[in-house]
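The residues making up each chain are set out below.
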Amino acid sequence: CFQLYGYCYQDSNDIPDTLTTITELGSPLEMIQLLQTSWEDRFRICLSLVRLLHYLAHSPLGSVTLLDFRPRQFVIVDGELKVTDLDDASIEESSCTSNSDCFMEFPARNFTLPCSVEGRCQSMNEKRNLYNAYRFFFTYLLPHSAPSSLRPLLDKIVNATGNHNKHGNANEYLVLELSPSPSVNSEFTQKCVKSANTQYRRVPEAFIPDENYRCWPSYHHKGCLLSVFDVNEAIEICDSYSQCKAFVLTNQTTWTGRQLVFFKMASNRIVPDPDKITYVKVTD
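Conventions used here
Residues numbered from 1 in each chain as written. Predicted model: local features only at pLDDT ≥ 70, side-chain atom pairs only at ≥ 80, totals over all residues. Heavy atoms only, no water. Disulfide = S-S within 2.5 Å. Helix = DSSP H or I, 4+ residues; strand = E, 2+ residues; numbered from the N terminus. Buried < 20%, exposed > 50% of the residue type's maximum accessible area, 1.4 Å probe, protein only. Core = buried A, V, L, I, M, F, W, Y, C linked by side-chain atoms within 4.5 Å. Contact = heavy atoms within 4.5 Å. Pairing = 2+ DSSP bridges. Axes fitted to C-alpha atoms, helices over the stretch in contact; angles between N-to-C directions.

- The name given to the protein chain in an unreviewed UniProt entry is PKDCC kinase, with the source organism recorded as Atrichornis clamosus.

## Some words on the state of the cysteines
Thought 1: Following the criterion strictly, the structure yields four disulfides and no others.
Thought 2: Bridging cysteine 102 to cysteine 121, the disulfide has an S-S length of 2.1 Å. Looking down the S-S bond of the cysteine 102 and cysteine 121 bridge, the torsion is -90°, so its handedness is left-handed. Here the residue cysteine 102 occupies a position in the loop between strand 7 (89-90) and strand 8 (103-105), and cysteine 121 occupies one in the loop between strand 9 (110-112) and helix 3 (124-141), the gap between them amounting to 19 residues. As far as the burial class goes, cysteine 102 and cysteine 121 line up, both buried.
Thought 3: One disulfide bridge connects cysteine 238 with cysteine 244, the sulfur atoms lying 2.1 Å from each other. Negative torsions about the S-S bond denote left-handed disulfides, and the value of about -100° found for cysteine 238 with cysteine 244 makes this one left-handed.
Thought 4: Judged by relative accessible area, which is 0%, cysteine 244 ranks as buried.

## Observations concerning the nonpolar core
Thought 1: Leu49, Phe69, Phe74, Leu81, Phe137, Phe138 and Leu142 are the most contacted members of the largest nonpolar core, which has 43 residues in total.
Thought 2: Those elements giving two or more residues to this core turn out to be helix 1 (31-35), helix 2 (39-57), strand 5 (74-77), strand 6 (80-83), helix 3 and helix 4 (151-162).
Thought 3: For leucine 142, the residues in contact, after removing those within four places along its chain, are Trp39, Phe43, Cys46, Phe137, Leu154, Ile157 and Val158.

## A word on the sheet that holds strand 10 (residues 200-207)
Thought 1: In spatial order, the strands read 10-14-12-13-11; together these five strands make up an open sheet with antiparallel pairing. The strands lining the two open edges of the sheet, one partner per strand, are strand 10 and strand 11 (224-228). The sheet shows a mean angle of 30° between the axes of neighbouring strands, taken without regard to direction.
Thought 2: Looking at chain direction, strand 12 (residues 246-253) and strand 14 (residues 271-281) are connected through four bridges and run antiparallel. Paired with valine 248 across the two strands is threonine 278, which belongs to strand 14.
Thought 3: Sitting on the sheet, helix 7 (residues 231-240) touches strand 10, strand 11, strand 12, strand 13 (259-264) and strand 14, and the angle it makes with strand 12 is about 135°.

## Some words on the pairing of strand 5
Thought 1: The alternating pattern of strand 5 places Phe74 and Ile76 on one face and Val75 and Val77 on the opposite face, and all of these are buried.
Thought 2: Here strand 3 (residues 27-28) runs beside strand 5; their pairing, made up of two bridges, is antiparallel. Paired with serine 27 across the strands is isoleucine 76, a residue of strand 5.
Thought 3: In this sheet, strand 6 lies alongside strand 5 in antiparallel orientation, the contact comprising four bridges. Pairing of phenylalanine 74 across the sheet is with valine 83, part of strand 6.
Thought 4: Where strand 5 hands over to strand 6, the hairpin turn is made up of two residues, of which aspartate 78 adopts a positive phi near 55°.

Below is the structure:
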């Protein structure tokens, strides 16, 4: 949730007991803009949402549901998703006398949960949050342009969040698969690449300041800046673009430890830079 920096109470003639809060600043969530970012960044957003779902299900107040669970209730802070509006949060689990009272209706799918002996719908708050996360976030952000080696795992994750009947403990499943993220992080950062026949000349402590071209998805809006595991993956990417004639390894990494690389369409001007290594495609 949002970081609370302070709050104060203020009484006025018009509105008694007014509460003012001071919180951290975040960027509004734009889904179309998110779909244009790298899969690695979208995975980080989903990972932060999984952690939020787990906290809401096991909060000190009990299981908390967000009745107005929509993208506009969230913001991005330092690459992670945080909820900003808790006005519609509730800790009340629906009462029931039979399973038919525990009916959850959504635009595309409906669910019926069991009624407990205590007369409460079992895990309704948690299930409501989980399915809303599936239909508003996971179904769009996780599969789109994901690494091919991870697609079977991601299909299992998306299906688990979208089908409560087969995955009664889907929230715990998500935490095990994504929150520690051993399999996802390992497979994504250690992506296997084919050996390339193209030869490249290595130029240490050098940078190509110009000769940019645009690619998708890129970390730089005016150039082609992508993340790679190693030089072999950078070579594979450069070989896949007809306009790529060189690339520059930077000393910057993404949040998963992958190295950022600039891809260039020529190497006419190379300048000294102690923090970078340039590779130039050798032509016959």
